[in-house]
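# Examination of the molecular architecture
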Amino acid sequence: MWSRSVGKLKKAVVSKIGARVNSGAVGARKMETRVRLYVDDRHVVLDNGIIQVTLSNPDGNVTGISFNGVDNLLEILNHEGNRGYWDVVWNSLDRSSKTGTFEVIKATNFKVIQETEDQIEVSFYRPWDPSLAGKLVPLNIDKRYILLRGCSGFYTYAIYEHVGAADWPAFSLGETRIAFKLRKDKFQYMAIDDIRQRIMPFPDDRMPGRSQALAYQEAVLLINPMNPQLKGEVDDKYQYSCDNKDIKVHGWISTDPPVGFWQITPSYEFRSGGPLKQNLTSHVGPTSLSVFLCGHYAGDDLIPKFAQGEPWKKVFGPVFVYINSAMREDDSLALWDDAKRQMLTEVQRWPYDFPASEDFQKADQRGSVSGTLLVSDRCISSNFIAANGAYVGVCPPGDAGSWQRECKDYQFWVTADESGHFLIRNICTGTYNLYAWVPGFIGDYRNEVTITITPGCEIEMGEIIYHPPRSEPTLWEIGVPDRTAKEFYIPDPDPNFVNKLSMDRFRQYGLWDRYSELYPDQDLVFTIGESDYNKDWFFAQVNRKRADNTLEGTTWQIKFMLSSVDSAGIYMLRVALASATLAELQVRVNNPDTRSRPLFSSGLIGRDNSIARHGIHGLHWLYNISIQGGLLMQGENVVYLTQPRNQSPFQGLMYDYIRLEAPSSL
């Protein structure tokens, strides 16, 4: 064990880094300094000559990151426990509390796991026992940090365990994540992707006097920001959310000095909900997050609930915290391009071979599954159709589509190539089903064969056929079955509530109110053959705001002509929803009386909150509604879609796709 005063070390390393990391190329020059570990009663320091990471002892929070002449990249105005940390939100299942308990994970035991010239891995462990019931989340939690030689960043992961013993209580885990609070005097430029990048407001700008509160606490209107160019804009952390499949690298840039702070997630196998689950990334603070599990854009369905004595163990991460630099301020935006290159490097290295925990499986302990997915839809083609771009994954056994609500274990996903071929590598050992969904087709595929992954296995499934829901040919359709509402009409935002950040239109604040402005008296009417869903189908069926600011449910109409009707036949109406928030879908045919019993009701469904949180989708729902031919008539017909729940402006539905199919005799 190397021992040295932590206080003296900080001054020495800052001087050393400032002298050595000073090249014109983006990123820190890889130096051959061995990795060193310094420990005292209050801190543990990992140092490789490029970056120095200071951790509280024994809590295991990140209190400092020194790099390129900056003594600490984290917010020095915050107390040490509020700079870089793992946290959870949890709740007991005995109904003793209606709100979750927020807890920063504070370890009690520090241990050196590995210490060589090339790598240091340390553990901060927090065991749980029955004496802590009701006080701390009932999990054993082992937080790990790794620093490698010549590496401009560090890795962190954690092992969570609920022991299979009778005295381990039931609980729910509402959220777990890593959070970093950066220096607001340094990091003012945020980059989420190639489009969503900008100079951001200061955290002070969100305080009373500088901002005006909007419909919910996360959204504010900047009325007197420190940067006057941001005056009149809306800031809301949900505008920066991403799908799991797209959260690979995001972070912040300082221009003085030009330094980048990035969180790189090379795999989302340990995140809940599959590729389309949405999570927060970075936002005003400056804050940078890696969210592994939460109910955002899904609700209670994505919150795992553990029974008393239910055994469970899962590894979250590793995530790579990458720090880079540029020689000149003019080059600071190039740090984003460098971070993307580093992300690709990390993806190629996955699964990492250096974490010491046996709970993190290395490549030789994993297996693969391959095959070719084809679609059979006789109403489109007499031949099989290659499932080009299909999302194919192996997930814990369940029903078709259960993967989107799975939140306890691992999922492994790829997209099929143009021929429908897929190869899913690096699957952890275990028992799975193969699932898929295909853009352009409704429904979910599930292979009935249970897959058992063993170390080194290569399972070839050959050609597998998906038969999407279909009775007969299409009479008419609205939208594109892609599990989002992005193809529908998304209005311009109210000019008084704009975020000028370049981003998808649906991420703007207050779009729910635009419906009432566009349809102040009459609801949406869509005429098949005349209307254009890109222009005439509002992206969300929300409530209408009356003149007195009360809300009323809405009923949309789909008008269509039939040249003939099979009165004895069964017509099939297929309605795919992209999102639902405390909503109800009622369907009536040629019956405008919303007080009458509907032909179909979904009942109260959904807690996505995607309308308020600027999502264009949440969880996916598919309803297959049989229509007796006797309800239809030759000539004009009308399908009425009613959403009657009207307690909140954020209640509503987003449609993915609607199709009416002919009966078999036509």
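Residues numbered from 1 in each chain as written. Predicted model: local features only at pLDDT ≥ 70, side-chain atom pairs only at ≥ 80, totals over all residues. Heavy atoms only, no water.

## Brief notes about the overall build of the protein chain
Here is the rule we go by: Starting at the N terminus, helices and strands are each numbered in turn, a helix being any DSSP run of H or I of at least four residues and a strand any DSSP run of E of at least two. The atom set for the radius of gyration is the C-alpha atoms, and the globule formula is 2.2 Å times the number of residues raised to the power 0.38. Burial classification: accessible surface area is computed with a 1.4 Å probe over protein chains only, and a residue below 20% of its type maximum counts as buried, one above 50% as exposed, and the rest as partly exposed. Throughout, a residue-residue contact means that at least one pair of heavy atoms, one from each residue, lies within 4.5 Å. Note that His is not counted, nor are the chain ends; the positive residues are Lys and Arg, and the negative ones are Asp and Glu. Throughout, a charge is located at the NZ atom of Lys, the CZ atom of Arg, the CG atom of Asp or the CD atom of Glu.
Within the protein chain one finds 4 helices and 46 strands. In terms of overall size, the protein chain behaves like a compact globule, its C-alpha atoms giving a radius of gyration of 27 Å where 666 residues would be expected to give roughly 26 Å. Projected onto the principal axes, the alpha-carbon positions of the protein chain cover approximately 90 × 60 × 55 Å. A total of 666 residues make up the protein chain; the buried ones form 58% of that total. Taking as baseline every contact in the protein chain between residues at least 6 positions apart, the subset at least 24 positions apart corresponds to 70%. Each charge class in the protein chain was averaged separately, 70 positive and 80 negative side chains, and the resulting centres sit 5 Å apart.

## Digging into the sheet that holds strand β15 (residues 219-222)
Operational definition: The pairing criterion is simple: DSSP has to find at least two bridges between the two strands. Working convention: axes come from line fits to C-alpha atoms, limited for helices to the stretch in contact. Angles between N-to-C directions cover 0 to 180 degrees.
One open sheet accounts for 3 strands, arranged β14-β15-β16; its pairing is antiparallel. Two strands bound the open sheet, and with one partner strand each, they are β14 (211-213) and β16 (234-236). In this sheet, neighbouring strand axes are inclined to one another by 30 degrees on average, regardless of whether the strands run parallel or antiparallel. Where β15 lies against β16, 3 bridges are found, and the strand directions are antiparallel. Within the sheet, the bridge partner assigned to L221 lies in β16 and is V234.

## Things to note about the sheet that holds strand β8 (residues 119-126)
The strand order β7-β8-β9-β10-β24-β19-β18-β12-β13 describes an open sheet built from 9 strands, whose pairing is antiparallel. Among the strands making up the open sheet, the edge pair consists of β7 (109-115) and β13 (197-199). Each strand of the sheet is rotated relative to its neighbour by a mean of 20 degrees, with strand direction disregarded. Sheet topology places β7 next to β8; 6 bridges connect them, and they run antiparallel. From the neighbouring strand, V112 faces β8, where its bridge partner is V122. Running at roughly 30 degrees to strand β19 (residues 258-264), helix α2 (residues 334-349) makes contact with β9 (140-148), β10 (153-162), β12 (187-191), β13, β18 (249-255), β19 and β24 (312-325) of the sheet.

## Focus on α2
Cut-off, in case you're wondering: Expected span of a helix: the number of residues minus one, times 1.5 Å.
The end-to-end C-alpha distance of α2, which contains 16 residues, comes to 23 Å, matching closely the 22 Å that a straight helix rising 1.5 Å per residue would cover. Elements in contact with the buried residues of α2: β10, β12, β13, β18, β19 and β24.

## Thoughts on unusual backbone geometry
Here the residue pair G285 and P286 is connected by a cis peptide bond, since its omega of -10 degrees sits within 30 degrees of zero. Looking at the element boundaries, P286 is found in the loop between β21 (282-283) and β22 (287-294). With an omega of -5 degrees, the peptide bond running from W350 to P351 counts as cis. Turning to its location among the elements, P351 is positioned in the loop between α2 and β25 (367-375). Positive phi, close to 70 degrees, is recorded for N549, a residue that is not glycine. Examined against the element boundaries, N549 turns out to sit in the loop between β37 (544-545) and β38 (551-552).

## Notes on the side chain of E487
Worth spelling out the cut-off: By definition here, a salt bridge exists when the distance from a side-chain nitrogen of Lys or Arg to a carboxyl oxygen of Asp or Glu is within 4 Å.
Note on placement: E487 falls in the loop between β34 (474-479) and α3 (511-518). An unpaired buried charge is present at E487: no salt bridge exists, and K486, the closest side chain of opposite charge, is 7.1 Å distant. Beyond its immediate chain neighbours, meaning those up to four positions away, E487 contacts G479, V480, D482, Y533, N534 and D656.

## Some remarks on the side chain of T581
Of note, T581 is situated in strand β40 (residues 570-583). What T581 contacts, discounting residues up to four positions off in sequence, is I605, G606, R607, D608, N609, S610, F650, Q651 and G652.

## A word on the confidence of the model for the protein chain
How we decide: As a per-residue measure, pLDDT tells how confident the predictor is, with possible values from 0 to 100.
The share of residues in the protein chain with pLDDT of 70 or more is 94%, and the mean pLDDT across the chain is 93. Per-residue pLDDT stays below 50 along residues 1-31; that stretch engages in 71 contacts with residues further than four places along the chain or on separate chains.

## Focus: the packing of aromatic side chains
How we decide: In this scheme Phe, Tyr and Trp rings, the latter by its six-membered ring, pair at centre separations within 6.5 Å, and the angle between planes marks the pair as stacked below 30 degrees, edge-to-face above 60, and tilted otherwise.
The full count for this structure, using the stated rule, is 46 aromatic pairs. Ring geometry for W86 against F292: centres 5.4 Å apart, planes inclined by 25 degrees, an arrangement best described as stacked. Here W86 is found in strand β5 (residues 84-92), whereas its partner F292 is found in strand β22, with 206 residues between them in sequence. Classification of W86 as buried rests on a relative accessible area of 1%. With relative accessibility at 0%, the residue F292 sits in the buried group. Between the aromatic rings of Y155 and F320, the centroid separation amounts to 4.4 Å while the plane-to-plane angle is 20 degrees, which identifies the pairing as stacked. Of this pair, Y155 sits in strand β10 while F320 sits in strand β24, and the two are 165 residues apart along the sequence.

## Observations concerning the nonpolar core
Rules: Nonpolar cores were defined as sets of buried Ala, Val, Leu, Ile, Met, Phe, Trp, Tyr and Cys residues, with membership established by side-chain atoms within 4.5 Å.
Judged by nonpolar contacts, the single largest core of 107 residues is most densely connected at L46, Y160, L373 and L434. Sequence-distant contacts of L434, that is, excluding residues within four places in its chain, are made with V369, V392, G393, V394, F422, I424, Y445, R446, N447, I451, M461 and I464. Counting residues in each nonpolar core, the second largest holds 59 residues, with V542, A580, L632 and Y655 among its members.

## Observations regarding α3
What α3 keeps buried is the set L511, W512, R514, Y515 and S516. Looking at the buried positions of α3, the neighbouring elements they touch are β36 (541-542), β37 and β39 (554-562).

## Some remarks on the pairing of strand β44 (residues 621-628)
Residue alternation in β44 divides its side chains into a buried set, W621, Y623, I625 and I627, and an unburied set, L622, N624, S626 and Q628. Bridge count for β40 against β44 is 8 bridges, and the pairing is antiparallel. Paired with L577 across the bridge in β44 is W621.

## Side note on the pattern of salt bridges
For the coordinates displayed, the defined rule picks out 39 salt bridges. The shortest N-O distance in the salt bridge between D246 and K245 comes to 3.0 Å. We note a salt bridge from K305 to D300, for which the minimum N-O separation is 3.1 Å. Since its relative accessible area comes to 34%, K305 is described here as partly exposed. The structure contains a network of salt bridges with shared partners spanning R34, E117, D118 and R149.

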